[in-house]
Amino acid sequence: ETGVTQTPRHLVMGMTNKKSLKCEQHLGHNAMYWYKQSAKKPLELMFVYSLEERVENNSVPSRFSPECPNSSHLFLHLHTLQPEDSALYLCASSQSRTAVYEQYFGPGTRLTVT
Amino acid sequence: EDQVTQSPEALRLQEGESSSLNCSYTVSGLRGLFWYRQDPGKGPEFLFTLYSAGEEKEKERLKATLTKKESFLHITAPKPEDSATYLCAVQRYNQGGKLIFGQGTELSVKP
């Protein structure tokens, strides 16, 4: 595997379900990010992790719970979601967050909440 | 308030018809401006980073330029495979890795 991978690629879940999104980066980076991309809206930053420590929570509802067990893996745990949470969820990584480094994105998980 | 605005929202070109995409930004303390390309159903693909006004970068048919208020992505003699959504994002000082994205320009190049 190379770059940033995400699983699953597609997910349909009911409002009462609990599911998790997984992201893995193979670039040796130290910072990882979760973004939400809704139709016709700009990408919205959700969470930032640097060296496994959460450094930013961008006013995200508590039904989204991130986890970063090591610098290569990032999870987004989902529970009691709403239909408006349906979107493309993108994971990204960068060499560091303390300088100007480009972020590399995974292919995304297309989430549909029914 | 930091803001990134891209125009036009959509652009249709004939193959070989050169044009430019615009990214206007208002941010205090620009650290870097990024251009990405996103194909349908995929994640954004990094194209360029620009750091200061007057800087230019090129890659194949694409050339990115930066002024103090905006950036342009010039596409010379585009091909159908250049069809995609092009995203602009800015990073400011003292905000770590946070990127503020524009809404994108959807480019369609017809043969």
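In this text, all values refer to a predicted model and were calculated from it rather than measured experimentally.

How each quantity is defined
- Residues numbered from 1 in each chain as written.
- Chains lettered and ligands numbered in written order.
- Predicted model: local features only at pLDDT ≥ 70, side-chain atom pairs only at ≥ 80, totals over all residues.
- Heavy atoms only, no water.
- Phe/Tyr/Trp six-rings, centres within 6.5 Å; stacked < 30°, edge-to-face > 60°.
- Helix = DSSP H or I, 4+ residues; strand = E, 2+ residues; numbered from the N terminus.
- Buried < 20%, exposed > 50% of the residue type's maximum accessible area, 1.4 Å probe, protein only.
- Pairing = 2+ DSSP bridges.
- Core = buried A, V, L, I, M, F, W, Y, C linked by side-chain atoms within 4.5 Å.
- Salt bridge = Lys/Arg side-chain N within 4 Å of Asp/Glu carboxyl O.
- Axes fitted to C-alpha atoms, helices over the stretch in contact; angles between N-to-C directions.

### Examining the packing of aromatic side chains
Consideration 1: In total, this model carries 9 aromatic pairs over all chains according to the counting rule given.
Consideration 2: Geometrically, the ring pair formed by Tyr35(A) and Phe101(B) is edge-to-face, given 5.8 Å between the ring centres and 90 degrees between the ring planes. In this pair, Tyr35(A) is assigned in strand 4 (residues 31-37) and Phe101(B) in strand 10 (residues 100-101), connecting two distinct chains.
Consideration 3: For Phe101(B), a relative accessible area of 4% gives the class buried.
Consideration 4: Ring centres 5.4 Å apart and planes at 90 degrees place the aromatic pair Phe105(A) and Tyr36(B) in the edge-to-face group. Residue Phe105(A) is found in strand 10 (residues 104-105), and its partner Tyr36(B) is found in strand 4 (residues 30-38); the two belong to separate chains.
Consideration 5: A relative accessible area of 10% means that Phe105(A) is categorised as buried.

### Brief notes about the pairing of strand 11 (residues 105-110) of chain B
Residues and elements named next belong to chain B.
Consideration 1: With 5 bridges connecting them, strand 2 (residues 10-14) and strand 11 associate as parallel partners. Looking at strand 11, one finds that Arg 12 is bridged to Ser 108.
Consideration 2: Bridging between strand 9 (residues 84-92) and strand 11 involves 3 bridges; their strand directions are antiparallel. Looking at strand 11, one finds that Thr 85 is bridged to Glu 106.

### A short note on the nonpolar core
Consideration 1: With 25 residues, the main nonpolar core has Tyr25(B), Leu33(B), Trp35(B), Leu73(B) and Tyr86(B) as its most contacted residues.
Consideration 2: Mapped by element, the contributors of at least two residues to this core are strand 2, strand 3 (19-26), strand 4, strand 5 (45-50), strand 7 (62-66), strand 8 (70-75), strand 9 and strand 11 of chain B.
Consideration 3: Ranked by residue count, the leading element in this core is strand 9 of chain B, at 4 residues.
Consideration 4: Cys23(A), Phe64(A), Ala87(A) and Cys91(A) belong to the second-largest nonpolar core, a separate cluster that totals 22 residues.

### Describing the pattern of salt bridges
All names here are of chain B.
Consideration 1: Within the structure shown, the criterion is met by 7 salt bridges over all chains.
Consideration 2: One salt bridge in this structure joins Glu 55 and Lys 57, with 3.8 Å as the shortest N-O distance.
Consideration 3: Lys 57 sits in the partly exposed class, given a relative accessible area of 29%.
Consideration 4: A salt bridge links Glu 56 to Lys 63; its shortest N-O distance comes to 3.3 Å.
Consideration 5: When its relative accessible area of 27% is taken as the criterion, Lys 63 is described as partly exposed.

### What about the sheet that holds strand 3 (residues 18-25) of chain A?
Residues and elements named next belong to chain A.
Consideration 1: Taken in spatial order, the 4 strands of this open sheet run 1-3-8-7, and their pairing is antiparallel. Of all strands in the sheet, those bounded by a partner on one side alone are strand 1 (4-7) and strand 7 (64-70). Taken pair by pair, the neighbouring strands of this sheet meet at an average axis angle of 20 degrees, ignoring direction.
Consideration 2: With 5 bridges joining them, strand 7 and strand 8 (residues 73-79) adopt antiparallel strand pairing. Looking at strand 8, one finds that Phe 64 is bridged to Leu 78.

### With respect to unusual backbone geometry
Consideration 1: Geometrically, the link from Thr7(A) to Pro8(A) is a cis peptide bond, its omega value of -10 degrees lying close to zero.
Consideration 2: Its location among the elements puts Pro8(A) in the loop between strand 1 and strand 2 (10-13).
Consideration 3: The omega angle of the peptide bond from Ser7(B) to Pro8(B) is -10 degrees, so this bond is cis rather than trans.
Consideration 4: Along the chain, Pro8(B) turns up in the loop between strand 1 (3-7) and strand 2.
Consideration 5: The residue Thr80(A) is not glycine, and still its phi comes out positive at about 50 degrees.
Consideration 6: Positive phi, close to 45 degrees, is recorded for Ala77(B), a residue that is not glycine.
Consideration 7: The topology assignment puts Ala77(B) in the loop between strand 8 and strand 9.

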